[in-house]
Amino acid sequence: MKRFTGLLAATMLIGGLATAAEAKTLVYCAEGSPENFNPQINTTGTSLDAARPAFNQLVQFEPGTTNVIPGLAEKWDVSPDGTVITFHLRKGVKFHSVKGFTPTRDFNADDVIFSFDRQWKKDNPYHDVSGGAYDYFNDMGMPDLLKSIEKIDDYTVKFTLTRPEAPFLANLAMDFATILSAEYADAMLKAGTPEQVDQVPVGTGPFEFVAYQKDAVIRYKAFPEYWGGAPKIDLVFAITKDPTARWAKVQNGECHVMPYPNPADLTAIGKDPNVDLMQQPGLNIGYLAFNVTKKPFDDKRVRLAVTYAIDKDAILKDVYLGAGQPAKNFIPPTIWGYNDAIVDYPHDVEKAKELLKEAGLENGFETDLWWMPVQRPYNPNAKRVAEIIQSDLEKLNIKSTLVSYEWGEYRKRLQAGEHQMGQLGWTGDNGDPDNFFFLLGCDAAREGGQNLSKWCNKDFDDKLKKAKGTFDKAERTKLYEEMQVIAHDEVPVFTIAHSVVFEPVRKEVVGYKVSPLGRHEFQDVDLK
Amino acid sequence: MIGFIVRRVLLVIPTFVAIAFLTFVAIRLVPGDPIEVRTGERGISPERLAYFRHELGLDQPVWKQFLDYLWQLAHGNFGTSLSTHAPVLTEFATLFPATLELALCAMIFAVVLGVPAGVIAATRRGSFIDYSLMGVALTGFSMPIFWWGLLLILFFSVTLGWTPVSGRIDLLYYFEPVTGFMLIDSLLSDQDGAFLSALSHLILPTIVLGTIPLATIARMTRSAMLEVLGEDYVRTARAKGLSPFRIVGIHALRNALIPVVTVIGLQVGMLMAGAVLTEYIFSWPGIGTWLIESIQRRDYPVLQGGILLVSAIVILINILVDLLYGVLNPRIRHAR
């Protein structure tokens, strides 16, 4: 029987699957189609992943970490007051060739200027191309922060800022700061097809773009002249939207790496001898904010009592199904500055009752409890979390009403501070602690701001501002550690979890790292 | 006959406006704003939100948006995708051949197996064969596409390794699309094994998408056949001593096929609905996948335009079926 099966399979698939094993091509089962191939105008992880193989930034994240390392800039100098950053560019960096464009010169300062001007200057001829929305550039506050970008010579670029800002370098390692070819842009403008710059990527990255067929495949080949050394594999994105089908393809050897497995498949994946189930806590936090401007949560004892009352482990077991790590700080442990000395409050109903009694609320009180109407990476089921909290609080005679709105409305009302207790979360952009902590700062505590606790602690805020204006990493680390102690003591939020990111990777893949930033990168990967 | 055609075609215009209206309203009733969907929890400043909404015309009253939309449609403009900035019509045109190829294969599969199954069941009425065929048809009819697809993948692709899991062709083959039909393009490409690879990729999606039409056609053929077999002329033919094959295969089948053709026509709508799920499961780069992705992105123009274009095709096919019906059965022309 077995022989018959094999024979039939062979005859059915001559030249089909059989050849898949021979070529050294890594197939990545991507979860969706990119909108375009320009990270400046993308916002979704799917689109950023698709374009990333072609590009570099001035500085980059070391794969698998949130550390910032040199990219197209070999080194940089920061002026003593922290407002002038001079980048010294790498020499001899080649751009890719695509159909209709062959570069005539190496990468230089003009490319840097063009890449930023397009997003920043309204009079740049490319500013309005392809919709002209530069969400990330704007969200990271660049228009406000940048004073000027000047070309000193072909290989030196000077950025002047309106104020010192330590996360600036990490920001430049983000995808929106990708360096495009100014020469390519000029050529396309002359040809009357500027949109092509966003659809057919020309960059300096490890992989050269070959072709894209919507909803089916993206093809890249190793760029032999890559400044960091040519990759050992060609790269194909097989667009496969259904997570169970993705997993079937990995099992079948049709794909080597897949993102976002279906949680229900995780047990089976863990048992497959051909596959490594790689995992890492994601760069995110799911939390419950106490509105400290409203009674009774203006009383620290009440916030603490609620914290003691909630069974965090039950939430992690029931809602995250093991794909989460309990959060004791507002930043995930994969980020630098994480204070591991903090000890989380245990689940202790008696202690909670005591605290309530102290606060004069031993008979309980009524409150609302908001849950997001959507599934998010940091919180797969906010309603279920709310229900668990609700039943935990009932033991203290606290009656909570569950509240929710349509997603946009929900966020708006939370930011306006209409809630008493509300769930939300955050996914980090750049691996800088400031990217999380600003959510607890005084600036964000205004009505409509993103500090949902509306908590403004002067000590915390001073340290936050000081850390942001300091380039000394050791000093910043110290400040962030102290801030975590303050946040732990004052309990403006109940930190729920950091979700864990799982990635099934076939065993023949060598050198793949799960990125804490949620990226999927292949320049250092090889196949056995 | 001409009056019939004209009446049928004139009905199309109000149907289109109604579909355009329904999709337009339904999409706007779904919670979520395309801009907010894009920004996640970050939220953008109210000024920029207002700017984008204005740019997309979303700040206008809904009735005005709808009238603008109709005006554009009247000029053959189906809008531009919010996410890719490509014209909806262009995207549709590049993706539709994939859906058409799959739907055609599924329909051929359904007819080629369904009609004989129905005929056999009818001629063996009440026998074990009849009951088992109809039992299978009923199961097929009630099979949820999602589950059925995954089941087949699990069995044939993962356990047995006979068929590929998803996609249209092995990705190591690489050629430019010419016709958009993978079976034809792979032959044109002159690459060894490309055609077989394309064919093997078609097997499971064809079965999954063809199952419900197959079951429907088998059941319909059976009952139509039973009815015809009871008619006087069949009895006459029997009395004349014609071979059973001639009676069933020529005399009865021709008449039994008339209602079956209608059913096949009606199945086109079902086929399009089924294609959305089938394509999603098998990563088939066609209209279904495209629509699901646009729902996730709240890409209003793509959803509106895409659904309208798909409806247009379904309506067109229904008209053709009506006409074909008129040819097969001349009485119908006068009856209406």
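Above this note sits the structure.
In what follows, the accompanying structure is described. Please read all numbers here as calculations on a predicted model, not as lab measurements.

**Observations regarding the sheet that holds strand E7 (residues 156-161) of chain A**
Residue and element names in this part refer to chain A.
Here is step 1: With respect to topology, 4 strands assemble into an open sheet ordered E4-E5-E7-E6, the strand pairing being antiparallel. Looking along the sheet, the strands with just one partner apiece sit at the ends: strand E4 (73-78) and strand E6 (146-153). Taking the axes of each pair of neighbouring strands and ignoring which way they run, one obtains an average angle of 20 degrees across the sheet.
Here is step 2: The pairing of E4 with strand E5 (residues 84-89) spans 5 bridges and is classified as antiparallel. Bridged to Asp77 within E5 is Thr86.
Here is step 3: Where helix H3 (residues 109-120) meets the sheet, it contacts E5, E6 and E7, and its direction lies at approximately 160 degrees from that of E6.

**Some points on the pattern of salt bridges**
Here is step 1: According to the stated counting rule, one finds 45 salt bridges over all chains in the structure shown.
Here is step 2: Notably, a salt bridge pairs A:Arg301 with A:Asp299, separated by 3.1 Å at the nearest N-O pair.
Here is step 3: Since its relative accessible area comes to 18%, A:Asp299 is described here as buried.
Here is step 4: Put simply, A:Asp344 and A:Lys312 hold a salt bridge, and the shortest N to O gap is 2.8 Å. In this pair, A:Asp344 sits in the loop between strand E13 (324-326) and helix H13 (349-358) while A:Lys312 sits in helix H12 (residues 312-318), placing the two residues 32 residues apart along the sequence.
Here is step 5: Classification of A:Asp344 as partly exposed rests on a relative accessible area of 26%.
Here is step 6: Put simply, A:Glu35, A:Asp215, A:Lys241, B:Glu293 and B:Arg297 are held in one network by salt bridges that share partners.

**Side note on the interface of chain B and chain A**
Here is step 1: Residue-level contacts link 50 residues of chain B with 60 residues of chain A.
Here is step 2: Counting every contact that joins chain B to chain A gives 2 salt bridges.
Here is step 3: Two residues, B:Arg297 and A:Glu35, come together in a salt bridge whose shortest N-O distance is 3.6 Å.
Here is step 4: At the junction of chain B with chain A, the criterion picks out 10 residue pairs in polar contact (both at pLDDT 80 or more).
Here is step 5: For the side of chain B that touches chain A, the element with the most residues is helix H7 (residues 145-159) of chain B, which contributes 5 residues.
Here is step 6: The class makeup of the residues in the side of chain B that touches chain A is 22 nonpolar, 18 polar and 10 charged.

**Digging into the side chain of A:Ser130**
Here is step 1: Along the chain, the position of A:Ser130 falls in the loop between H3 and helix H4 (135-139).
Here is step 2: You can call A:Ser130 buried: its relative accessible area is 11%.
Here is step 3: Among the polar contacts listed, one links the side chain of A:Ser130 to the side chain of A:Asp198, at a separation of 2.5 Å.
Here is step 4: Non-local contacts of A:Ser130, meaning those with residues more than four positions away in its chain, are made with A:Ile41, A:Arg118, A:Glu195, A:Asp198 and B:His85.

Rules of the game
Residues numbered from 1 in each chain as written. Chains lettered and ligands numbered in written order. Predicted model: local features only at pLDDT ≥ 70, side-chain atom pairs only at ≥ 80, totals over all residues. Heavy atoms only, no water. Pairing = 2+ DSSP bridges. Helix = DSSP H or I, 4+ residues; strand = E, 2+ residues; numbered from the N terminus. Axes fitted to C-alpha atoms, helices over the stretch in contact; angles between N-to-C directions. Contact = heavy atoms within 4.5 Å. Salt bridge = Lys/Arg side-chain N within 4 Å of Asp/Glu carboxyl O. Buried < 20%, exposed > 50% of the residue type's maximum accessible area, 1.4 Å probe, protein only. Polar contact = N/O pair within 3.5 Å; in protein donor to acceptor, adjacent residues only side chain to side chain. Nonpolar A, V, L, I, M, F, W, Y, C, P; charged D, E, K, R; others polar.

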